[in-house]
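Listed below are the residues making up each chain.
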Amino acid sequence: MSTSPKIRVQGLWKHFGTTVALQDVNLDIEENAFVTLVGASGCGKSTLLRTLAGLEHRSAGTLLCDGQPIEGPGADRAMVFQHYSLYPWLTVLENIRFSRQLKVHTQDRTAADVEAAAGRADALLRLMGLTHVARHYPSQLSGGMQQRVAIARALMSRPQVLLMDEPFGALDAQTREVMHDLILHVHRLERSTIVFVTHDVEEALYLGRQVVLMAPRPGRIDTVYQVPLPAERQQDMKLAPAFNELKREVLARIRATSGMQTDFELLAKLSQAGSLDLTE
Ligand SMILES: Nc1ncnc2c1ncn2[C@@H]1O[C@H](COP(=O)(O)OP(=O)(O)OP(=O)(O)O)[C@@H](O)[C@H]1O
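Residues numbered from 1 in each chain as written. Predicted model: local features only at pLDDT ≥ 70, side-chain atom pairs only at ≥ 80, totals over all residues.

Some thoughts on helix H7 (residues 241-258)
- Across its 18 residues, H7 extends 26 Å between first and last C-alpha, which sits within 8% of the 26 Å expected from 1.5 Å per residue.
- Of all the residues in H7, the buried ones are Leu246, Val250, Ile254 and Thr257. One side of H7 carries all its buried residues, which in axial view fall inside an arc of 75°. Of the exposed residues in H7, those oriented more than 90 degrees away from the buried face are Pro241, Glu245, Arg248 and Ala252.
- Looking at the buried positions of H7, the neighbouring elements they touch are strand S3 (34-39), helix H6 (201-207), strand S9 (210-215) and strand S10 (220-226). (Helix = DSSP H or I, 4+ residues; strand = E, 2+ residues; numbered from the N terminus. Expected span 1.5 Å × (residues − 1). Buried ≥ 20, exposed ≤ 12 C-beta atoms within 10 Å, placed from the backbone. Arc of directions from axis to C-beta. Contact = placed C-beta atoms within 7 Å.)

Given below as structure tokens:
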């Protein structure tokens, strides 16, 4: 008997005026999956993620989470953005507790609610290595630390689905590696379903069990790759021949679908001819 997927995308279209940002996207994402979305700029990665978050209306198609239509944002799905979007006037701990406080009105809050929230916030502080900065303000933290706070805040309401839009895009290479292992740890521990957008193919392959490659103009799914690595990832797996082979294949496919190759070919032809005759 086949179980239904956590997220089902069927015949999804999204238009922005005359731009077709998503063309007939079909994708099933299983519970506890870690799916990464890659592809050339403008291929619709963020639009697909924002549609799953309920932040963007679809033009046509079906979007289901646990078999229920996605009609807007919901506590079952949390989003983490590239820019940490923390409240600068709140401490780390207050930032983490904030989403929970929004859900329960002060007058309806019971002692058990407060206790459960405090316990969850403490557990997340420990999980994200933030206990020692719990009373600091965001401006006192490094970028990597701020992004840990943003992830902890997203996890506070125990979302089943975590939607991440280039969350480590602004971090340096070393901090990114640390964050990669941290998010894999979070994924194991929380058993969440993660959909993660990135420009970085190595990041996509290291984190994802499945890599969805999208192509632009119109935005669409081109290829879905299964990553041939054990579920338990370790940094030295990036040296494995199978990892590098797939990385080369994905990069070549992104180049082929981006239209950039044509530009490079044209430039090569022009430089051989020794002139830039654009009338050709
Ligand atoms: N709010 C909007 N209004 C108009 N057009 C939009 C809007 N959002 C996205 N688009 C267009 O939709 C297409 C897909 O954009 P999207 O941002 O989803 O791509 P992306 O793959 O995430 O790009 P990038 O990798 O550069 O972030 C692009 O052509 C973009 O210009």
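Here's the deal with the pairing of S9
- Counted residue by residue, S9 has five buried out of six residues, so it is predominantly covered.
- With five bridges joining them, S3 and S9 adopt parallel strand pairing. Across the sheet, residue leucine 37 finds its bridge partner in S9, namely valine 212.
- Of the strand pairs in this sheet, S9 and S10 are connected by six bridges, and their pairing is antiparallel. Residue valine 211 lies in a different strand from S10, and its bridge partner there is tyrosine 225.
- In this antiparallel pair of consecutive strands, S9 and S10, the connection spans four residues, and arginine 217 shows a positive phi of 50°. (Pairing = 2+ DSSP bridges.)

Comments concerning the nonpolar core
- Counting 67 residues, the largest nonpolar core has Ile96, Ala152, Leu163 and Val195 as the members making the most contacts within it.
- The leading source of residues in this core is helix H4 (residues 143-155), at six residues.
- Apart from the residues within four sequence positions on either side, alanine 152 is in contact with Ile96, Leu124, Leu125, Met128 and Leu130. (Core = buried A, V, L, I, M, F, W, Y, C linked by C-beta atoms within 7 Å.)

As for the sheet that holds strand S8 (residues 193-197)
- As summarised here, the arrangement of the six strands in space is S6-S7-S8-S3-S9-S10, forming an open sheet in which the pairing is mixed. Of all strands in the sheet, those bounded by a partner on one side alone are strand S6 (77-80) and S10. Ignoring strand direction, the axes of neighbouring strands in this sheet form an average angle of 20°. (Axes fitted to C-alpha atoms, helices over the stretch in contact; angles between N-to-C directions.)

Examining the sheet that holds strand S2 (residues 19-29)
- As summarised here, the arrangement of the four strands in space is S2-S1-S4-S5, forming an open sheet in which the pairing is antiparallel. Either end of the sheet is taken by a strand with one partner, and the two such strands are S2 and strand S5 (68-69).
- Note: strand S1 (residues 7-16) against S2, seven bridges, orientation antiparallel. Each bridged residue has a counterpart across the sheet, and for arginine 8 the counterpart in S2 is aspartate 28.

Concerning H4
- With 13 residues, H4 ought to run about 18 Å at 1.5 Å a step, and its terminal C-alpha atoms sit 18 Å apart, in line with that.
- Counting buried positions along H4 yields 10 of 13 residues, so the element is predominantly enclosed.
- Taken together, the buried positions of H4 are Gln146, Gln147, Arg148, Val149, Ala150, Ile151, Ala152, Arg153, Ala154 and Leu155.

Overview of the site of the ligand
- Neighbouring the ligand are 13 residues; Phe16, Ala21, Ser41, Ser46 and Thr47 lie closest to it.
- Those elements that place two or more of their residues in the shell around the ligand are S2 and helix H1 (45-53).
- Among the elements that take part in the shell around the ligand, H1 stands out by supplying three residues, more than any other.
- Classifying every residue of the shell around the ligand by side-chain character gives three nonpolar, nine polar and one charged. (Near = placed C-beta within 6 Å. Nonpolar A, V, L, I, M, F, W, Y, C, P; charged D, E, K, R; others polar.)

Details of the environment of arginine 217
- Structurally, the position occupied by arginine 217 is in the loop between S9 and S10.
- Overall, arginine 217 belongs to the partly exposed group, with 16 C-beta atoms counted inside 10 Å.
- Through-space distance from the C-alpha of arginine 217 to that of alanine 134 is 45 Å; in sequence the pair is 83 residues apart.

Description of the environment of alanine 60
- Summarising the element assignment, alanine 60 is placed in strand S4 (residues 60-65).
- Taking the C-alpha atoms as reference points, alanine 60 and leucine 12, separated by 48 residues in sequence, lie 5.6 Å from one another.
- Sequence-distant contacts of alanine 60, defined by excluding residues within four places in its chain, comprise Gly11 and Trp13.

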